[in-house]
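# Observations on the three-dimensional arrangement
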Amino acid sequence: MLASVENVTERSFDYIIVGGGTAGLVVASRLSEDPSVSVLVLEAGRANLDDESITMSGTFGKNFFHPENDWAFMTASPPLTEFAGLELNFYAGSPKAHGKGLGGTSGMNFYVFTQPPAEDINAIERLGNPGWNWDRYIHYSRKSETFIPPDESVAKTERLEYDAENHGTDGPITTCYAPMTSGWEGLYQDASQISLLRSLGNLGLKPVKDATKGDGNGSWMATCSVDPHTNRRAYAVSYLNQARGRRNLSVVVRAPVSRILSAPEKSADGKLVASGVEFTHDGKSYRVLANREVILSAGAIKSPQILELSGIGNKDLLSKLGIPTKIDLPSVGENVQEHIFAAASFELKDPEKYNTLDPIADPEVLKEQLKLYAEHKGLFLLSFLGIGTASLDRLSPNGAALSAAHIDKVKAQGALRSPGLQAQYELQIEKLEKGIASMELVSMPTFLSRPNPPEAGKKYITIVSIMNHPWSRGTIHAASADPQSPPTVDPHYFEDEFDLQNMVELVKFMRKLGKTAPLGDIIAREHNPGAEVETDEQLVSWVKKTANSIAHTSGTCSMLPQDKGGVVDPRLKVYGTANVRVVDLSILPLHIGAPTQSACVPLSSAIKISEAMLTCNCGERAAYVYGMAEQAADIIKGVI
Ligand SMILES: Cc1cc2nc3c(=O)[nH]c(=O)nc-3n(C[C@H](O)[C@H](O)[C@H](O)COP(=O)(O)OP(=O)(O)OC[C@H]3O[C@@H](n4cnc5c(N)ncnc54)[C@H](O)[C@@H]3O)c2cc1C
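Residues numbered from 1 in each chain as written. Predicted model: local features only at pLDDT ≥ 70, side-chain atom pairs only at ≥ 80, totals over all residues. Heavy atoms only, no water.

### Structural notes on the overall build of the protein chain
This is how it is decided: Think of it this way: any DSSP run of H or I at least four residues long counts as a helix, any run of E at least two long counts as a strand, and we number them from the N terminus. Throughout, the radius of gyration refers to the C-alpha atoms, and the reference size of a globule is 2.2 Å times the residue count to the power 0.38. None of His or the chain ends enter the tally, which takes Lys and Arg as positive and Asp and Glu as negative. For this purpose, a charge sits on NZ of Lys, CZ of Arg, CG of Asp or CD of Glu.
Tallying secondary structure elements over the protein chain gives 18 helices and 24 strands in all. For 640 residues, the compact-globule estimate of 2.2 N^0.38 gives 26 Å, and the protein chain sits close to it at 23 Å. Viewed in the frame of its principal axes, the protein chain has a C-alpha envelope of about 70 × 60 × 40 Å. One finds the centroid of the 61 positive side-chain charges in the protein chain at a distance of 2 Å from the centroid of its 75 negative side-chain charges.

Below you can see the structure in the form of structure tokens.
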């Protein structure tokens, strides 16, 4: 399966997949099920198949900034856009983690595996994409999953409530409830036990039974993509493992693709025909040829860049870069949407009673925990499970008024907007009016916030709050004609003031949660934002200093009608091409809200945890990407 450059160069394959990441490996595995077709995957990074820093559970963030495993894209510095009244400089030059190597970002994510609200998925279809609805999505998402239920006794004690029929039973990605829990998150049968979920319930976010059927609005314990028998990460490489031994699948690593090559003749209906791709290896340039299709799965940051380097994009931008335009498609690299988070940490009163990852900062504890991990025990089995989601008006006394004012403003400015953004905003307004959960809180048994650093010997809980339905839109474009240069990422965080207002109200809710019984009873003090942040003005300033992206970049190759800002059609074909598709998170045209999970435990020190995490972040959309890519594979095969 792993092939050398010499074995593939100048050869032709039916399908060439650019990027062996989350979506790319799903598509490669499904297409190669048919022995009569040949499939080639070209991955920029390494194979990484036995890399413990990827496969071991609980090593969140270990690969942040790793030169081989993380692209660590930087946002534009200084930001390209300035917005009146908003200081955006604080986001300039901040890194965005993205996995490199086989498995892509599924090999560095925090492995929460849950589902978004059904309305968010149905919105994709309503934007002009027939067949991209909840029913189909959940069918494909379940196809990717094998859920391993907890032991009955554990499920009873922890009150882990799930519906087995909401989960897959024989997909490549194994999911489970984390084998070790913090002791303060779940509902627990023993009602006297401290419970985050009960505090969330006391604030109106009532526990929901198994949020994976598209109705997550309240609080619950999330599952994660880990194999509980081995305590190893279950990630896109599990798809590759299923395809091992297939002679029709070749995978070449360390082979970054520079551009798509086009045939001299157009198709009968006048479309550009991709004839293959150009890639490099050890500094030399090579070509491979495509009999049928080129499929871009290089992720939301690199896929638009590769299109632009191939002459597909905004002609003005391409001409400035000296790239001849083959298809003038101005939407490439536009409509960028990001989830933004801010985190509050609370010091625990009785540290010995609870499990957190903080002690791993001590090298002696680390050694001991590594030994325990070898016996399938200890802190590395912890995960981040407690989740709460709600609409702004349920979280904040100001929420209804802020939402109403925002809706009025958006409606009043409608005529000034592009038809594509207008269609997205109409759906976003509907979500606000219907109270669809757009805000999310994730609990983490460790320290992970800014600016006050953790104190040695103490234990913390962190609540991460995330804004899932942003109104701001950014851009990602090639910065030069050189494929080695990283693209320019200008995310426009908080360009729309409502995003900032949302975040500030969320932070107020987090602080309230830290004081609400029963959780509030075990908290000694709020460490961040901290007592010095009191007024609304100080809160805004703290949010601006500490909030960041959770690395769920989407939208750069949006699946939308072409006149509404589309780059790909509902069959995922790039407009104007006969045989180029995009299959990765870049096609998501309107962001989805799903429980997001985060924490980061480099094996070295807990201080690094917070530094790496707060600059690189966390996030989740892998569950969505698996389902989307499964559906894409059936589209490409002609099954649907
Ligand atoms: C830190 C972090 C934590 C996260 N936590 C979670 C979580 O807990 N749960 C969850 O569900 N999701 C999480 N996510 C999000 C989720 O993992 C991603 O959204 C998803 O994996 C993206 O899949 P993709 O296929 O779009 O891209 P990727 O998986 O990033 O795949 C792109 C691949 O293309 C390769 N590539 C790029 N350029 C080229 C080129 N020129 N030539 C060849 N190959 C190229 C890359 O190296 C990579 O392998 C997290 C993300 C991050 C960054």
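Now that the structure is up, let's keep going.
### Notes on the nonpolar core
Rules: For the purposes of this section, nonpolar cores are sets of buried Ala, Val, Leu, Ile, Met, Phe, Trp, Tyr and Cys residues that join through side-chain atoms within 4.5 Å. Throughout this description, buried means an accessible area under 20% of the type-specific maximum (1.4 Å probe, protein chains only), exposed means over 50%, and partly exposed covers the range between. Contact between two residues is taken to exist if any of their heavy atoms lie within 4.5 Å; hydrogens are not considered.
Grouped together as the largest cluster of nonpolar side chains are 87 residues, with contacts concentrated most on L519 and V543. For this core, the element with the most residues is helix 15 (residues 497-513), which contributes 9 residues. For L519, the contacting residues outside a window of four places in its chain are W184, I194, S195, L196, S199, I461 and L513. If you look at the next biggest cluster of nonpolar residues, it comprises 84 residues, including A28, Y286, V582 and V625.

### Section: the side chain of Q428
When you line up the elements, Q428 lands in helix 14 (residues 419-434). Non-local contacts of Q428, meaning those with residues more than four positions away in its chain, are made with H469, P470, W471, R473 and L590.

### Here's the deal with the packing of helix 5 (residues 134-143) against helix 18 (residues 622-637)
To be explicit about the condition: Structural elements are reduced to axes, namely lines fitted to C-alpha atoms, with helices fitted over the stretch in contact, and the angle between N-to-C directions of any two is expressed from 0 to 180 degrees. Here the angle decides the label: under 35 degrees means roughly parallel, over 145 means roughly antiparallel, 65 to 115 means roughly perpendicular, and every other value means oblique. Gly counts as polar in this scheme, as do all residues outside two lists: the nonpolar Ala, Val, Leu, Ile, Met, Phe, Trp, Tyr, Cys and Pro, and the charged Asp, Glu, Lys and Arg.
At a closest axis distance of 8 Å, the pairing of helix 5 and helix 18 adopts a crossing angle of 100°. By the criterion of interaxial angle, the relationship of helix 5 to helix 18 is roughly perpendicular. On helix 18, the residues touching R136, Y137, Y140, S141 and K143 of helix 5 are A623, Y624, G627, M628, E630, Q631 and D634. Residue composition of the contact of helix 5 with helix 18, by class: 5 nonpolar, 3 polar and 4 charged.

### Describing the packing of aromatic side chains
Basically, it comes down to this: Centre distance within 6.5 Å is the pairing criterion for rings of Phe, Tyr and Trp, where only the six-membered ring of Trp is used; planes under 30 degrees apart are then read as stacked, over 60 as edge-to-face, and the remainder as tilted. In our convention, an over-ring charge means Lys NZ or Arg CZ found within 6 Å of a ring centre and within 35 degrees of that ring's normal.
Under the definition given, this model contains 14 aromatic pairs. An aromatic cluster of three or more residues is present, and its members are F113, Y239 and Y626. A cation over a ring is seen here: K100 above W71, with NZ or CZ 4.3 Å from the ring centre.

### Details of the environment of D482
Note the threshold: Any N or O atom pair separated by 3.5 Å or less is treated as a polar contact, with the protein-specific requirement of one donor-capable and one acceptor-capable atom, and with residues adjacent in sequence counted only for side-chain atom pairs.
With respect to the element layout, D482 can be found in the loop between strand 20 (475-477) and strand 21 (488-490). Sequence spacing of D482 and L321 is 161 residues, and the spatial spacing of their C-alpha atoms is 9.2 Å. Within the structure, D482 has its side chain in polar contact with the backbone nitrogen of Q484 (distance 2.8 Å).

### Re the pattern of salt bridges
Operational definition: The rule for a salt bridge is simple: a side-chain nitrogen of Lys or Arg has to be within 4 Å of a carboxyl oxygen of Asp or Glu.
In the structure shown here, the tally under the stated rule is 29 salt bridges. Across the pair R254 and E68 runs a salt bridge whose closest N-O atoms are separated by 3.6 Å. Pair noted here: R254 is in the loop between strand 10 (249-252) and strand 11 (257-262) and E68 is in the loop between helix 3 (52-55) and strand 3 (73-74), with a separation of 186 residues, a long-range link. Given a relative accessible area of 27%, E68 falls into the partly exposed group. The salt bridge involving E161 is made with R159; its shortest N-O contact spans 3.7 Å. Three or more residues joined by partner-sharing salt bridges are found here, namely R30, E33, K143, E630 and K637.

### Looking at helix 13 (residues 399-412)
The condition is simple: To estimate how far a helix should reach, multiply one less than its number of residues by 1.5 Å.
Taking 1.5 Å of rise per residue, the 14 residues of helix 13 would be expected to cover 20 Å, and the 20 Å separating its terminal C-alpha atoms lies within 8% of that figure. Looking at the buried positions of helix 13, the neighbouring elements they touch are helix 12 (392-395), helix 14 and helix 15.

### What about unusual backbone geometry?
Of note, the bond from A517 into P518 is cis; its omega dihedral lies within 30 degrees of zero at 0°. Position of P518 among the secondary structure elements: in the loop between helix 15 and strand 22 (523-528). Going from N528 to P529, the amide bond is cis rather than trans, its omega being 5°. Within the secondary structure, P529 sits in the loop between strand 22 and helix 16 (536-546). Its identity as a non-glycine residue notwithstanding, E10 has a phi of 65°, on the positive side. With respect to the secondary-structure elements, E10 resides in the loop between helix 1 (5-8) and strand 1 (12-18). Of note, N48 is a non-glycine position whose phi angle comes to about 60°, a positive value. Here N48 is to be found in the loop between strand 2 (39-42) and helix 3. By relative accessible area, N48 is classed as buried at 9%.

### A look at the packing of helix 13 against helix 14
The criterion, for reference: Left-handed is the label given to a crossing in which the near helix is rotated counterclockwise from the far helix by less than a right angle, and right-handed is the label when the rotation is clockwise.
Where helix 13 contacts helix 14, the axes come no closer than 11 Å and their chain directions differ by 160°. Relative to helix 14, the element helix 13 lies roughly antiparallel. Along this stretch, helix 13 crosses helix 14, giving a crossing that reads as left-handed. Along the contact surface, helix 13 presents S403, H406, I407, V410 and K411, while helix 14 presents Y425, I429, L432 and E433. Partitioned by chemical class, the residues of the contact of helix 13 with helix 14 number 5 nonpolar, 2 polar and 2 charged.

### Some thoughts on the confidence of the model for the protein chain
Worth spelling out the cut-off: Per-residue confidence from the predictor is given as pLDDT, running between 0 and 100.
Here the protein chain averages 91 in pLDDT, while 93% of its residues score no lower than 70. A low-confidence stretch, residues 595-620 (pLDDT under 50), is modelled with 121 contacts involving residues beyond four sequence positions or located in other chains.

### Observations concerning the state of the cysteines
Disulfides are covalent bonds that link the sulfur atoms of two cysteine residues. Our working rule: Any two cysteine sulfur atoms lying within 2.5 Å of each other are counted as a disulfide.
Applying the stated criterion to the full structure yields 0 disulfides. Not part of a disulfide, C176 finds its nearest cysteine sulfur in C224, a span of 4.3 Å. By relative accessible area, which is 1% here, C224 ends up buried.

### Some remarks on the pairing of strand 2
Cut-off, in case you're wondering: Paired strands are those between which DSSP finds at least two bridges. Every crossover in which the path from the first strand over the helix to the second runs clockwise, viewed with the strands pointing away from the viewer, is termed right-handed.
The alternating pattern of strand 2 places V39 and V41 and L40 and L42 on opposite faces, both of which are buried. As paired strands, strand 1 and strand 2 are joined by 4 bridges and run parallel to one another. Directly across from I17, in strand 2, lies its bridge partner V41. This β-α-β element, strand 1 to helix 2 (residues 22-31) to strand 2, shows right-handed connectivity. Taken together, the 4 bridges between strand 2 and strand 10 define a ladder with parallel strand orientation. Following the sheet pairing, V41 is matched in strand 10 by V251.

### Digging into helix 5
Threshold: Note that the arc is computed from the directions linking the helix axis to the C-beta atoms.
Along helix 5, the positions that sit buried rather than exposed are W134, Y137, I138, Y140 and S141. Looking down the long axis of helix 5, one finds its buried residues gathered within 165° of arc, a one-sided arrangement. Those residues of helix 5 that are buried lie in contact with helix 4 (118-126), strand 5 (145-147) and helix 18.

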